[in-house]
Amino acid sequence: MEFDKKERLTVEYGSDKIVTNCHIIDIADLENVDQNSHILQEIMPYYKTKAQKVQSRKKSLAELGVGVLFARVLNITTNEAIMIDEYGKPFLADEKSDIGISHAGNLVLLATSNGSIGVDVEPLPDSLSAYHYYALKKVYGNQLSDIVECEKDLTPYVFCKLWTQAEAAVKLDGRGLRLNPVEHLQVISEAYFCTYEYKKHIITVATYEAGEVAMKEQKWMINRAAITDAVEVKGG
């Protein structure tokens with residue numbers, strides 16, 4: 001079950017000031033949820049299906065988390081409310097605001113904005129290896145040395161900051177893997193970034209204009225009933 005594809009319009013969201021709200025769920029809060037919880041019953045079929053298909057329990061919970069955020073934040077419980085553009089980027093069918101989705105580590109993020117946005121989250125590693133350096137090198141090329149010098153050192157925080165900025169910029173642009181390395185750097189250079197550290201994760205919001213960003217963690221009372229009784233979650 002997939003979202004429908006639709007040509008996206010060029011939308012003016014109706015405000016001179018860009019305001020982005022980032023709604024966050026820690027998947028630990030989804031480990032034990034009331035099996036009769038209305039919010040689980042209201043998750044759109046797309047994310048229920050994704051949660052059932054993936055083999056990793058953590059990824060299953062992350063997909064459920066996206067569905068929970070759509071239901072709680074935007075009151076979206078049907079697939080028809082979400083469309084996919086020609087590049088595969090999801091957007092609201094009514095196009096009243098832009099949305100951004102990301103999940104990694106223990107956090108799931110749904111951002112809404114009155115301007116175009118891209119968002120990314122990455123858990124902070126305990127230490128760095130050659131892999132981390134070469135991952136950044138692939139994105140930033142010969143500019144990486146100068147960037148790291150400006151940052152004083154390539155620490156886990158700096159790695160995550162640079163990585164999430166690169167990812168958020170690509171999501172803002174919307175073309176994804178269709179970008180070549182030169183275009184990727186151009187997209188990064190044109191974006192405004194807000195980067196936050198939260199629960200040992202780095203979150204970055206990318207926009208085309210400077211604006212305000214608010215972080216809001218979604219929490220609710222839960223009991224010890226297994227989430228697998230409500231929606232099947234694969235993995236152990």
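Residues numbered from 1 in each chain as written. Predicted model: local features only at pLDDT ≥ 70, side-chain atom pairs only at ≥ 80, totals over all residues. Heavy atoms only, no water.

## Considering the sheet that holds strand 10 (residues 211-217)
Then comes step 1: Pairing is mixed across the open sheet formed by 4 strands, whose spatial order is 5-6-2-10. Each edge of the sheet is formed by a strand with only one pairing partner; in this case those strands are strand 5 (98-104) and strand 10. The mean angle between the axes of side-by-side strands here comes to 15°, regardless of whether they run parallel or antiparallel.
Then comes step 2: Relative to strand 10, strand 2 (residues 18-26) runs parallel, the two sharing 7 bridges. Its bridge partner lying in strand 10, C22 is registered against M215.
Then comes step 3: Lying on the sheet, helix 3 (residues 57-74) is in contact with strand 2, strand 5 and strand 6 (107-113); it crosses strand 6 at an angle near 35°. (Pairing = 2+ DSSP bridges. Helix = DSSP H or I, 4+ residues; strand = E, 2+ residues; numbered from the N terminus. Axes fitted to C-alpha atoms, helices over the stretch in contact; angles between N-to-C directions. Contact = heavy atoms within 4.5 Å.)

## As for the pairing of strand 5
Then comes step 1: Among the 7 residues of strand 5, 5 are classified as buried, and the element is accordingly described as predominantly covered.
Then comes step 2: The sheet contact formed by strand 5 and strand 6 spans 7 bridges and is antiparallel. Of the residues in strand 6, the one forming a bridge with S102 is L109.
Then comes step 3: Where strand 5 hands over to strand 6, the hairpin turn is made up of 2 residues, of which G105 adopts a positive phi near 60°. (Buried < 20%, exposed > 50% of the residue type's maximum accessible area, 1.4 Å probe, protein only.)

## Quick notes on the pattern of salt bridges
Then comes step 1: Considering all chains together, one arrives at 7 salt bridges under this definition.
Then comes step 2: Put simply, E63 and K50 hold a salt bridge, and the shortest N to O gap is 3.5 Å. Of this pair, E63 sits in helix 3 while K50 sits in helix 2 (residues 45-53), and the two are 13 residues apart along the sequence.
Then comes step 3: A salt bridge links R175 to D173; the nearest nitrogen and oxygen atoms lie 2.7 Å apart.
Then comes step 4: Judged by relative accessible area, R175 falls into the partly exposed class, the value being 26%.
Then comes step 5: Overall, D173 belongs to the partly exposed group, its relative accessible area being 21%. (Salt bridge = Lys/Arg side-chain N within 4 Å of Asp/Glu carboxyl O.)

## What about unusual backbone geometry?
Then comes step 1: Positioned with a positive phi, E95 is a non-glycine residue whose angle comes to about 55°.
Then comes step 2: Tracing the sequence through the fold places E95 in the loop between strand 4 (90-92) and strand 5.

## Concerning the confidence of the model for the chain
Then comes step 1: Of the residues in the chain, 82% reach a pLDDT of 70 or more, and the chain-wide mean stands at 82.
Then comes step 2: No element of the chain has a lower mean pLDDT than strand 1 (residues 4-5), at 50, and none a higher one than strand 7 (residues 117-123), at 96.
Then comes step 3: Segment residues 5-14: pLDDT under 50, and 25 contacts once partners within four positions in sequence are set aside and those in other chains are kept.
Then comes step 4: Residue range residues 220-236 is modelled with pLDDT below 50. Its contacts to residues more than four positions away, or to other chains, number 52 contacts. (pLDDT = per-residue confidence, 0-100.)

## Re the environment of K200
Then comes step 1: As for its position among the elements, K200 is in the loop between strand 8 (192-198) and strand 9 (201-207).
Then comes step 2: When neighbours within four sequence positions are excluded, K200 is seen to be in contact with P123 and L124.

## A look at the layout of surface pockets
Then comes step 1: The volume enclosed by the largest pocket comes to roughly 960 Å³.
Then comes step 2: Along the walls of the largest pocket sit 37 residues, with I101, E167, V170, K171 and G176 positioned nearest its centre.
Then comes step 3: Mapped onto the lining of the largest pocket, the elements with two or more residues apiece are helix 2, helix 3, strand 5, strand 7, helix 4 (130-140), helix 6 (156-173) and helix 7 (181-190). (1 Å grid on protein atoms, 1.4 Å probe; cavity = no way out; pocket = protein on both sides within 12 Å on 5 of 7 lines; lining within 4 Å. Points joined across faces, edges and corners; volume = space filled by probe spheres on them.)

## Considering the sheet that holds strand 8
Then comes step 1: With antiparallel pairing, the 3 strands of this open sheet are ordered in space as 7-9-8. Two strands lie at the open edges of the sheet, namely strand 7 and strand 8, each paired on one side alone. Taking the axes of each pair of neighbouring strands and ignoring which way they run, one obtains an average angle of 15° across the sheet.
Then comes step 2: In this sheet, strand 9 lies alongside strand 8 in antiparallel orientation, the contact comprising 7 bridges. Bridge pairing in strand 9 places Y192 opposite T207.

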